[in-house]
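Secondary and tertiary structure notes
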Amino acid sequence: MADKLQIFFTGATGYIGGSLLTRLLRHKNAASFHIAVLVRSEDKAKKLQPFGVDTIIGSYTDKDLTFLTNASAKADIVFSLVDADNLPPSKAILDGLKMKYEASGKPPVLIHTSGTGFVMSSDIQGVPDDDVSFSDLDVEKLAAIPQTALHQHVDVPIFEADKAGYVRAYIVTPGTVFGYPMGPFVDIGIQNLHSISLPFLIEAAIRRKQGGYFGQGLNKWPLVDVEDTADLYLLLFDAIQGDPQGVPSGYYFAENGEYTAIELATAISEALVDLGVGNTREPSPFTIEEEASKVFEPVRQYFGTNCHPRADRARALGWKPKAGKTEFLQNAKAEVKFYVQQLQ
């Protein structure tokens, strides 16, 4: 075991994490990996053990996060795919990776998951701003993002650790992730099957029986399929293993096009009508009262703003995402059906 690549993985049964772990277990070099995964329950641990992974039971919300530090201190590479905005677990992982570096003299690798929200606009008027974009190759431009921006309170300490030299840090930042994952963890019922952000807008639409948008609804966000996203993580992993010095640390955006808020709201309205729940196939702007409601905060954040990342660095690695806006809108309709059934 000592000469195997030591991998510590958090988010093993998550939306993206389960698909990525499936790829690692099917990797051509899988026999040379020792993988330890974090799970939150004994039940999930038992279901994962037949796949040949070690399991550590714990949660990012635990008061004592020593288990994260200890696991990271043994790892050559850590995949972090849980809660992009929870700083204490990230610090615990960095503490462990620093211990690994001090013991080996070689900086371990951290592939962390964040989101493109840190480059979103603050305007919530539903108007386009296509001239404002951010490439993941624009290192200086991204470094100038205010530390008060979304996700930065976690991302910045990770990159500071990279600058300090005791870790090589890569942050994968997907846009709106959609689609249904596939693989053995789906088959045994332990992988999350649903988008993190889409439910906010869908559940709001179900309450009002109509899709909604802010202002003109012409603002845009990036989209990316869950399986395409997992492909990017694996491609990055392989590139790092093949040429550690040739893969620059930093952000790796995941996007395959954009959608407007009104396009998504229309798809949701149409699905609601088809299910006998909606009043009209046409969406409408959210009312002043709706916008003022606290439950609308995540809806405003993700679907009222503009966000234009470009995955140039990711594509330079050879990443070729397949699913685009057509598949995204189809998946949104399928998600409407799921949440309507859940709320009945």
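Residues numbered from 1 in each chain as written. Predicted model: local features only at pLDDT ≥ 70, side-chain atom pairs only at ≥ 80, totals over all residues. Heavy atoms only, no water.

An unreviewed UniProt entry lists the protein chain under the name NmrA-like domain-containing protein, from Agrocybe chaxingu.

1. Describing the environment of L317
This is how it is decided: Going along the chain from the N terminus, every DSSP run of H or I of four or more residues is numbered as a helix, and every run of E of two or more is numbered as a strand. The cut-offs for exposure are 20% and 50% of the maximum accessible area for each residue type, with area from a 1.4 Å probe on protein chains only; residues under the lower value are buried, those over the upper are exposed, and the others partly exposed. In what follows, a contact means two residues having at least one pair of non-hydrogen atoms within 4.5 Å.
Looking at where L317 falls in the secondary structure, it is placed in the loop between α13 (312-316) and α14 (325-343). In this structure L317 comes out as partly exposed when scored by relative accessible area, which is 27%. In this view, L317 contacts L235, L236, A239 and Y252; residues no more than four positions away in its chain are not counted.

2. Digging into the environment of A143
Tracing the backbone shows A143 in helix α5 (residues 139-143). Between the alpha carbons of A143 and V156 there is a distance of 8.9 Å; along the sequence they are 13 residues apart.

3. Quick word on the packing of aromatic side chains
In plain terms, the rule: Stacked, tilted and edge-to-face are the three classes assigned to paired rings of Phe, Tyr and Trp, where Trp is represented by its six-membered ring and a pair needs centres within 6.5 Å; plane angles under 30 degrees give stacked, over 60 edge-to-face, the rest tilted.
What the rule picks out here adds up to 16 aromatic pairs. For the pair F33 and F237, a centre-to-centre distance of 5.5 Å together with 85° between the ring planes defines the contact as edge-to-face. Taken together, the positions of F33 in strand β2 (residues 33-39) and F237 in helix α9 (residues 226-242) put the pair 204 residues apart, joining distant regions of the chain. Judged by relative accessible area, which is 10%, F33 ranks as buried. Using a relative accessible area of 1% as the deciding quantity, one classes F237 as buried. Considering the side-chain rings of F51 and F185, the 4.8 Å spacing of their centres and the 65° angle between planes classify their relative orientation as edge-to-face. You can see F51 sitting in the loop between α2 (42-48) and β3 (54-57) and its partner F185 sitting in helix α7 (residues 184-187), a full 134 residues away along the chain.

4. Some details on the UniProt feature "domain: NmrA-like" (unreviewed entry) in the protein chain
Our working rule: UniProt positions are given in the numbering used here, feature names are shortened, and annotations may be inferred rather than shown by experiment.
Sequence positions flagged by UniProt for "domain: NmrA-like" (unreviewed entry) are, in local numbering, residues 6-88. Secondary structure across residues 6-88 divides into 31% helix and 24% strand, with the first and last C-alpha atoms of the span separated by 23 Å.

5. A few points about the pattern of salt bridges
Quick reminder of the rule: A pairing counts as a salt bridge when a side-chain nitrogen of Lys or Arg comes within 4 Å of a carboxyl oxygen of Asp or Glu.
Throughout the structure, instances matching the rule amount to 12 salt bridges. Of the charged contacts in the structure, one is a salt bridge between E227 and R23, with a shortest N-O distance of 3.0 Å. In this pair, E227 sits in helix α9 while R23 sits in helix α1 (residues 17-25), placing the two residues 204 residues apart along the sequence. With respect to burial, E227 and R23 carry one shared label: buried. Measuring nitrogen to oxygen at the nearest pair gives 2.8 Å for the salt bridge that ties R23 to D231. Remark: D231 occurs in helix α9 and R23 occurs in helix α1; sequence separation between them is 208 residues. By relative accessible area, which is 28% here, D231 ends up partly exposed.

6. Side note on the packing of helix α3 (residues 66-73) against helix α4 (residues 87-104)
The condition that has to hold: Axis definition: a line fitted to C-alpha atoms, limited for helices to the stretch in contact. Angles are taken between N-to-C directions and run from 0 to 180 degrees. Helix crossings fall into two classes, left-handed where the near helix is turned counterclockwise from the far one by less than a right angle and right-handed where it is turned clockwise. Under the convention adopted here, Pro, Cys and the residues Ala, Val, Leu, Ile, Met, Phe, Trp and Tyr are nonpolar, Asp, Glu, Lys and Arg are charged, and Gly plus all remaining residues are polar.
Across the interface, α3 lies against α4 with an axial gap of 7 Å and an inter-helix angle of 35°. Crossing of α3 against α4: the hand is right-handed. Packed against α3, whose contacting residues are L68, T69, S72 and A73, the element α4 presents P89, A92, I93, D95, G96, L97, M99 and K100 at the interface. The class makeup of the residues in the contact of α3 with α4 is 7 nonpolar, 3 polar and 2 charged.

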